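Close look at the chain arrangement
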Amino acid sequence: MNISYNWLKDYLDFDLTPEETSDALTSIGLETGGVEEVETIKGGLEGLVIGEVLTSTDHPDSDHLHITTVNIGQDEPLQIVCGASNVAARQKVVVAVVGTKLYSGEETFTIKKSKIRGVESHGMICAEDEIGLGKSHAGIIVLPADTKVGIPAKEYYDIKSEYVLEVDITPNRMDGASHYGVARDLYAYFKQNKLKGTLSLPSIDSFKIDEPTGGIKVIVENIEACPRYAGVTIKGVKVSESPDWLKDRLTLIGLRPINNVVDITNFALHSLGHPLHAFDADHISGGTVIVKTLPEGTKFTTLDEVERTLSDKDLMICNDKDGMCIGGVFGGLRSGVTEETTNVFLECAYFNPKWIRKTARRHGLSTDSSFRFERGADPNDTLYVIKYTALLIQQLAGGKITGEIEDVYPNPIEKPVVEVSYNKINTLIGKEIDKDTVHSILKSLEVDILNETEEGLRLAIPTYRVDVLRDVDVIEDILRIYGYNNIEMGESLKSNLSYETTTDKSYDLQNLIAEQLTGAGFNEIMNNSLTKEAYFTHSEVYPASHSVYLINPLSTDLNVMRQTLLYGGLESIAYNRNRQNPDIHFYEFGNCYYYDADKKIEGENLREYSEEFHLGLWLSGNSISNSWAATDEKSSIYQLKAYVENILNRLGISPNKYDYVQFSNEIFSAALDIQAKGKGKSLGQFGIVSKKMLKTQDITVDVYFAELRWDMLMREIRKHNITFADMSRFPSVRRDLALLLDKNIKFEQIEEIAYKNERKLLKDVSLFDVYEGKNLPDNKKSYAVSFIIQDDEKTLKDKQIDAIMQKIQKALESELGAQLR
């Protein structure tokens, strides 16, 4: 969030520069991403000086120009040609000297020495719109007669640069989501480092009730969702444009000014950290605000003119007829403050964070108010905040405070009590910190010490610190204020021996395969584990009943955990193709998640849930494209099969350890299931993605996809040992067979029969040609198969080789009906 440096100094009087302030905040856990200098007037009036017009005469060649001499405090006066009708001698004016840059919107121009109708001009006498001081161009600026000549205009107008600090607020540090919250933390840093600084809040002593009766009443029906609700009525206000100082402050931190009343509530929010809401009191039917839920399906139109369907779990701020506002999230269209508003009801409440978070997610809303309420506001500062804001409204919009403050707080929230031992403080921090320092830090953080013993402290934590509930939280706070850099490194290093676990081995192999795929031209992708339910609604392979649903999804597009890597990859392919990147080689490692109601066992809450680690591969487009060395070549299922087999090979799973089972389903138009030989367990699948599946992403080209079950692969190689042997000194022999086979015969059947009939000397079987067509009988095809035979101990003789080949040939003839061509 943006924090204004000068706004911060309203609450903490200190002397650090903006950069030093940034460093201090980062050191105490409020990391500051940067410091931006913002000029209140663009250009900061650099190059402009105060001058005095000594003479002014009419230009001989113009009926409206004047030739002036202007003293700007230098040795010689400047001659300036001026076109303003109100220029005259003895005036004090603002002068832009030669070289000055002036700004008009986003455009700039530089004052240069020039000739205007034959007369030299050495600068410009300025009107207010020319230098950003206003919008008038009726004439030049004329300053009071006693204005000192020669001083910079920047000094005369007291132009100061503003600085904005980009503070990165973590979700647990809502106490720092305001200027006062940041000042309060910075004050603790000052106290610890013995720097000068005084922390203060604006006084609300002048708050008083002008009219004792006539205010809006409050009824809270849902105490769980709204533990505290405070409101006050202000009548007779004048809604108008905010003063410049207020508009400037809001604009500086990125907010758009609306009107004085709304701007004050935003100013109070960013000042003090507690959201408020202002209602037009005349639209509160029945004179009563009722905090409750409305029936499921109720329609409600919010400020953005969107009609929303309410849940019966959405807390609403209502009048006696209908809803006016989604409590803590977003205002209604008809109940807000407009220029016609004369009576205001100001709300300052504390809402249950869970209720606000769920409502905001249901409606896809994120506002400054919901951001703070859903992370935890302070329930005990509401009265101060509402009084402070009411006084600001009176100051800028007038009006009378009518009726007492309505404060419904039936069950006051007490400060959390935490016990912490000195021994644990010193052990976790790694250094012994003296007790006085601990006391000082706790006091500066507004933590009350209820009781102290030799062993430790009993503490009451401020209710605005919603993240401090345990002793370790207190210790973290002590450490960040004490200073991480003040903890010295020890003289000894403690370490322990470790051994490689299955997780370590899996991780190493992931990196190995990732490098292999990257070297083969693949790009690694990382998709969200969350995906849309619609992918699984009508699926038989991945039914919605097996999906793991999120209780509070961010959106309907991210409401279930993925069951497969496929859809994320298809989304990535579509994204790339739409941006002229059609040739795809992707891989991804990631978890997939499953729910199986049949596995549910009473008392074992997670039994029905499971997750698996998968590796996905995607090919699409060309494998070779725009190469001078080769013609374009489309990716194919055979290339994907080669990549898959290379992965299995690299992991030590040789082809004789798995079988292929052909299948098709809604995902694949044709595919192979990789099954561990003799076990029937699937190690993964690959195939051609079906047209129906591609249509969901508007992909019009073939996509080849493989999904390997990494966890199953790791189990398969658990007992795998890597061995090595010397290269054989004896030559290998190749023999080829051209076989005529039935069309339904697969190469793997030939391979299996060959290895079965010669286990020792047959080293490799490969298919190098397939022919189907004329000159062959019907339903026949021709396979050209090579066989590599080698003996590691001696040179093979022709008689031995022929015997092996005859044995293989006869087996193929008898088992497959093969014929030699």
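Whatever comes next refers back to the structure up there.
Now for a quick tour of the structure. (Residues numbered from 1 in each chain as written. Predicted model: local features only at pLDDT ≥ 70, side-chain atom pairs only at ≥ 80, totals over all residues. Heavy atoms only, no water.)

Within the chain, the regular secondary structure consists of 19 helices and 43 strands. For a compact globule of 821 residues, the expected C-alpha radius of gyration is about 28 Å, and the chain comes in at 40 Å, more than 25% above that figure. If one aligns the C-alpha atoms of the chain with their principal axes, the spans along those axes are about 125 × 80 × 70 Å. Among the 821 residues that make up the chain, the fraction classed as buried is 47%. In the chain, of all internal contacts separated by at least 6 residues, the share reaching a separation of at least 24 is 69%. Only carbon and sulfur atoms are counted for the fraction: they give 47% of the accessible area of the chain, which is about 43300 Å². (Helix = DSSP H or I, 4+ residues; strand = E, 2+ residues; numbered from the N terminus. Rg over C-alpha atoms; globule rule 2.2 N^0.38 Å. Buried < 20%, exposed > 50% of the residue type's maximum accessible area, 1.4 Å probe, protein only. Contact = heavy atoms within 4.5 Å. Areas by Shrake-Rupley, 256 points an atom, 1.4 Å probe, with all protein chains shown as cover.)

The next point concerns the packing of aromatic side chains. As enumerated under the stated definition, the model contains 23 aromatic pairs in all. Considering the side-chain rings of Tyr5 and Phe14, the 5.8 Å spacing of their centres and the 90° angle between planes classify their relative orientation as edge-to-face. Relative accessible area serves as the criterion here: at 8%, Tyr5 is assigned to the buried category. On the accessibility criterion, Phe14 (1% relative accessible area) is buried. On the numbers, 5.6 Å between centres and 85° between planes, the contact of Phe536 with Tyr567 is edge-to-face. Highlighted residues: Phe536 in the loop between β30 (530-531) and β31 (560-561) and Tyr567 in helix α14 (residues 566-577), separated in sequence by 31 residues. Through successive ring pairs, a cluster of aromatic residues spans Tyr5, Phe14, Tyr163, Tyr189 and Phe190. A cation over an aromatic ring shows up here: Arg184 above the ring of Tyr464, its NZ or CZ 3.6 Å from the ring centre. Directly above the ring of Tyr575 sits Arg579, whose terminal nitrogen or CZ lies 3.6 Å from the centroid. (Phe/Tyr/Trp six-rings, centres within 6.5 Å; stacked < 30°, edge-to-face > 60°. Lys NZ or Arg CZ within 6 Å of the ring centre and 35° of its normal.)

It is worth spelling out the pattern of salt bridges at this point. In this structure the tally under the stated criterion is 38 salt bridges. Linking Glu374 and Arg375 is a salt bridge whose minimum nitrogen-to-oxygen distance equals 3.3 Å. What makes Glu374 buried here is its relative accessible area of 7%. For Lys679, the salt bridge identified is with Glu716, shortest N-O distance 3.4 Å. Note that Lys679 is positioned in the loop between β37 (668-676) and β38 (682-689) and Glu716 in helix α17 (residues 710-716), a separation of 37 residues in sequence. You can call Lys679 exposed: its relative accessible area is 52%. In this structure, a network of salt bridges that share partners links the residues Arg173, Asp175, Asp185, Arg465, Asp467, Asp477 and Arg480. (Salt bridge = Lys/Arg side-chain N within 4 Å of Asp/Glu carboxyl O.)

Attention now goes to the nonpolar core. Ranked by size, the top nonpolar core spans 78 residues in total, and within it Leu186 and Val474 carry the most contacts. Residue contributions to this core peak at nine residues, all from helix α9 (residues 382-397). In terms of nonpolar packing, the next biggest core, distinct from the first, is built from 34 residues, Phe613, Leu615, Leu617 and Leu619 among them. (Core = buried A, V, L, I, M, F, W, Y, C linked by side-chain atoms within 4.5 Å.)

Relative to the elements of secondary structure, Leu272 occurs in helix α6 (residues 260-272). Residues Leu272 and Lys599 lie 327 residues apart in sequence; the distance between their C-alpha atoms is 51 Å. Other than its neighbours up to four places away in sequence, Leu272 contacts Ser178, Tyr180, Leu201, Tyr384, Val385 and Tyr388.

The next thing to look at is the packing of helix α4 (residues 179-192) against helix α12 (residues 471-482). Taken N-terminus to C-terminus, the directions of α4 and α12 make an angle of 65°; their axes are 9 Å apart at the nearest point. Between α4 and α12, the contacting residues are Asp185, Ala188, Tyr189 and Gln192 on the first element and Arg480, Ile481 and Tyr482 on the second. Taken together, the residues of the contact of α4 with α12 break down into four nonpolar, one polar and two charged. (Axes fitted to C-alpha atoms, helices over the stretch in contact; angles between N-to-C directions. Nonpolar A, V, L, I, M, F, W, Y, C, P; charged D, E, K, R; others polar.)

Here the focus is the sheet that holds strand β22 (residues 323-326). In spatial order, the strands read β15-β18-β21-β22-β23; together these five strands make up an open sheet with mixed pairing. One side of each edge strand has no neighbouring strand; the edge strands of this open sheet are β15 (217-220) and β23 (330-331). Pairing geometry for β22 and β23, over two bridges, is antiparallel. Residue pairing across strands places Cys325 opposite Gly331, the latter belonging to β23. (Pairing = 2+ DSSP bridges.)

This part covers a positive patch on the surface. A surface patch of like charges, here positive, comprises Lys313, Lys354, Arg357 and Lys358. Along the chain, Lys358 falls in helix α7 (residues 353-363). Residue classification places Lys358 among the partly exposed residues on the basis of a relative accessible area of 37%. (Patch = residues over 30% accessible without salt bridge, like charges linked within 9 Å, V, L, I, M, F, W, Y side chains within 5 Å. Lys, Arg positive; Asp, Glu negative; His and termini not counted. Charge placed at Lys NZ, Arg CZ, Asp CG, Glu CD.)

In this structure, strand β4 (residues 48-58) lies alongside strand β5 (residues 66-71), joined through six bridges in antiparallel fashion. The partner of Val53 across the bridge, within β5, is Val70. Here β5 runs beside strand β6 (residues 78-82); their pairing, made up of five bridges, is antiparallel. By the bridge assignment, His66 is partnered in β6 with Cys82. As consecutive antiparallel partners, β5 and β6 are separated by six residues, and within that stretch Gly73 has a phi angle of approximately 90°, a positive value.

A word on unusual backbone geometry. Despite not being glycine, Glu305 shows a phi value in the positive range, around 65°. If you trace the backbone, Glu305 turns up in the loop between β19 (299-301) and β20 (307-309). A residue is classified by how much of its surface remains accessible, and Glu305, at 63% relative accessible area, is exposed. Here the phi dihedral of Asn779 falls at roughly 60°; this positive angle occurs in a residue that is not glycine. Structurally, Asn779 is set in the loop between β41 (762-771) and β42 (780-789). For Asn779, a relative accessible area of 57% puts it in the exposed group.

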